[in-house]
Amino acid sequence: MGSSGFLGEAGMETAEWYRYFAEREVRGHSPAYEALALGIAADPRLLELIDGLPEPKRQPNLLLAAVRFLGGPYDEFGRFREWTVSHWAEVRETMLSRRTQTNEAGRCASLLPVLAALPQPLALVEVGASAGLCLYPDRYRYRYDDGPEIGPAGSPVLLTCRTNGKVPVPERLPEVVWRAGLDLNPIDVRDDEEVRWLECLVWPEQTDRLARLRGAVRMARQDPPRLVRGDAAAALPDLVAAAPAGATVVVFHSAVMPYLDAEARDRFVALVRGLRAGGPPVRWISNEGSPRLPFLLPKLTADLPERRLAFLPALDGEPLAMAGPHGEWLDWLA
């Protein structure tokens with residue numbers, strides 16, 4: 001799922017949400033989206049149209065991706081506004097039928113030190129898997145700071161990560177013997193139209209992210225992941241039970257919590273903690289958004305240093321690091 005958070009549950013007005021997106025998320029990363037989001041935040045007609053959507057569907061990245069997906073302009077606000085208003089029925093339909101399922105393989109750089117330190121081999125289960133591109137941490141190449149590359153030389157994807165603190169950078173990749181993903185709307189990497197939607201979720205100027213996405217898709221198409229349609233409560237226990245004996249089962253997720261209300265988050269945490277009760281423990285890796293935003297697991301965020309748009313890799317509920325939203329940096333806490 002995407003790095004653009006669902007802030008509506010905190011009572012944030014739509015105009016404020018779009019200003020936040022412009023000033024705190026895309027500023028310095030996408031001048032085009034910053035200009036559009038600021039324009040939308042100041043435009044009563046566009047705000048009226050957006051407010052006609054269910055609250056979770058008012059997300060800035062969802063609107064902007066929908067316009068791009070439909071072929072609308074996004075290089076200048078006036079043209080964007082005119083096109084979006086005149087094509088609102090199509091934009092609205094796309095926003096209602098799609099989700100911000102940004103599938104950022106770069107987050108594997110944040111997860112790798114945690115995965116590599118667990119007892120091997122691993123059986124991976126990702127919640128909110130989208131197209132499943134984060135299910136292949138053993139298929140990518142990595143470079144932490146100026147260190148040597150880790151991973152298969154022939155991989156089409158190189159993930160680079162700046163580190164701070166005592167990051168336990170592994171010398172070798174984890175051994176993954178089984179992998180499966182769970183999503184409300186799984187995306188088939190073999191479907192060109194679905195992949196085009198994933199590409200539209202990447203902000204316009206982020207050419208490196210787009211190239212990374214395309215490389216990860218090419219790799220995944222050679223060995224498509226097992227993806228199950230459903231929610232965690234219904235499908236996660238069966239997926240965990242299907243993992244092979246002798247492997248460490250790891251349930252993990254990134255940028256999923258913004259899309260759950262507080263009650264659903266509590267149910268999810270209880271579900272994960274209760275898996276395989278009395279049997280081999282299931283390890284739980286979470287990698288969720290900034291600790292100063294309201295949609296996080298509150299027990300994970302107490303007394304942590306504030307850093308804008310940080311993610312929080314944690315193992316079994318214990319925070320380990322602060323990380324960039326796309327795995328671009330990793331600050332170890334211990």
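Up top is the structure these notes are about.
Described below are features of the structure shown in this document. (Residues numbered from 1 in each chain as written. Predicted model: local features only at pLDDT ≥ 70, side-chain atom pairs only at ≥ 80, totals over all residues. Heavy atoms only, no water.)

This part covers the overall build of the protein. Across its full length, the protein carries 12 helices and 11 strands. Considering the protein as a whole, with its 334 residues, one finds that 58% of them fall into the buried category. Counted over contacts in the protein with a minimum sequence separation of 6, partners at least 24 positions apart contribute 70%. Of the roughly 13900 Å² of accessible surface on the protein, 49% is carried by carbon and sulfur atoms. (Helix = DSSP H or I, 4+ residues; strand = E, 2+ residues; numbered from the N terminus. Buried < 20%, exposed > 50% of the residue type's maximum accessible area, 1.4 Å probe, protein only. Contact = heavy atoms within 4.5 Å. Areas by Shrake-Rupley, 256 points an atom, 1.4 Å probe, with all protein chains shown as cover.)

Its place among the elements puts Arg143 in strand 2 (residues 141–144). Sequence separation between Arg143 and Thr160 is 17 residues; the distance between their C-alpha atoms is 4.8 Å. Leaving out residues up to four positions away in the same chain, Arg143 has contacts with Pro148, Glu149, Leu158, Leu159, Thr160 and Cys161. Reaching out from Arg143, the side chain makes a polar contact with the side chain of Glu149 at a distance of 3.0 Å. (Polar contact = N/O pair within 3.5 Å; in protein donor to acceptor, adjacent residues only side chain to side chain.)

Let us look at the nonpolar core. The biggest cluster of nonpolar side chains holds 77 residues, and the ones touching the most others in it are Ile40, Leu63, Leu133, Tyr140, Tyr142 and Ile285. When residues in this core are grouped by element, the largest group, seven residues, is from helix 4 (residues 60–69). Dropping the residues within four chain positions of it, Tyr142 is found in contact with Cys108, Ala109, Leu112, Pro137, Pro148, Glu149, Ile150, Leu158, Leu159 and Leu173. In terms of nonpolar packing, the next biggest core, distinct from the first, is built from 22 residues, Leu182, Leu236, Met257 and Leu275 among them. (Core = buried A, V, L, I, M, F, W, Y, C linked by side-chain atoms within 4.5 Å.)

What follows concerns the sheet that holds strand 3 (residues 158–164). Pairing in this open sheet of four strands is mixed, and the strands run 2-3-11-10 from one edge to the other. Both outer strands of the open sheet, strand 2 and strand 10 (321–323), are each paired with one neighbouring strand and no more. On average, adjacent strands in this sheet sit at an angle of 25° to one another, irrespective of strand direction. Contacting strand 2, strand 3, strand 10 and strand 11 (329–332), helix 7 (residues 108–117) runs over the sheet at an angle of about 90° to strand 2. (Pairing = 2+ DSSP bridges. Axes fitted to C-alpha atoms, helices over the stretch in contact; angles between N-to-C directions.)

Our next topic: the pairing of strand 3. Bridge count for strand 2 against strand 3 is four bridges, and the pairing is parallel. The residue of strand 3 that forms the bridge with Tyr142 is Leu159. Note: strand 3 against strand 11, three bridges, orientation parallel. By the bridge assignment for strand 11, Asn164 is matched with Asp331.

Taken as a whole and assessed by the stated rule, the structure comprises 19 salt bridges. Here Glu149 and Arg143 are joined by a salt bridge, their closest N and O atoms 3.0 Å apart. Given the relative accessible area of 37%, Glu149 is considered partly exposed. The exposure class assigned to Arg143 is partly exposed, which follows from its relative accessible area of 28%. The residue Arg196 makes a salt bridge to Glu193 at a minimum N-O spacing of 3.2 Å. Here the residue Arg196 and the residue Glu193 both occupy positions in helix 8 (residues 192–200), the gap between them amounting to three residues, near one helical turn. Residue Arg196 is classed as partly exposed on the basis of its relative accessible area, which comes to 30%. Exposure remark for Glu193: the relative accessible area of 39% places this residue in the partly exposed category. Where salt bridges share partners, they join Asp138, Arg139, Arg179 and Asp223 into one cluster. (Salt bridge = Lys/Arg side-chain N within 4 Å of Asp/Glu carboxyl O.)

Attention shifts here to the side chain of Arg68. Mapped onto the secondary structure, Arg68 falls in helix 4. It turns out Arg68 is buried and unbridged, and the closest side chain with the opposite charge, Glu199, is 7.6 Å from it. The residues touching Arg68, leaving out its near neighbours within four places in the chain, are Tyr33, Tyr74, Glu199, Cys200, Val202, Trp203 and Pro204. (Lys, Arg positive; Asp, Glu negative; His and termini not counted.)

Cis geometry is found at the peptide bond from Gln120 to Pro121, where omega equals -5°. Of note in the backbone geometry, Ser130 takes a positive phi value of approximately 55° without being a glycine. One can find Ser130 in the loop between strand 1 (122–127) and strand 2. Judged by relative accessible area, Ser130 falls into the buried class, the value being 1%. Unusually for a residue other than glycine, Asp145 sits at a positive phi of about 55°. You can see Asp145 is positioned in the loop between strand 2 and strand 3.

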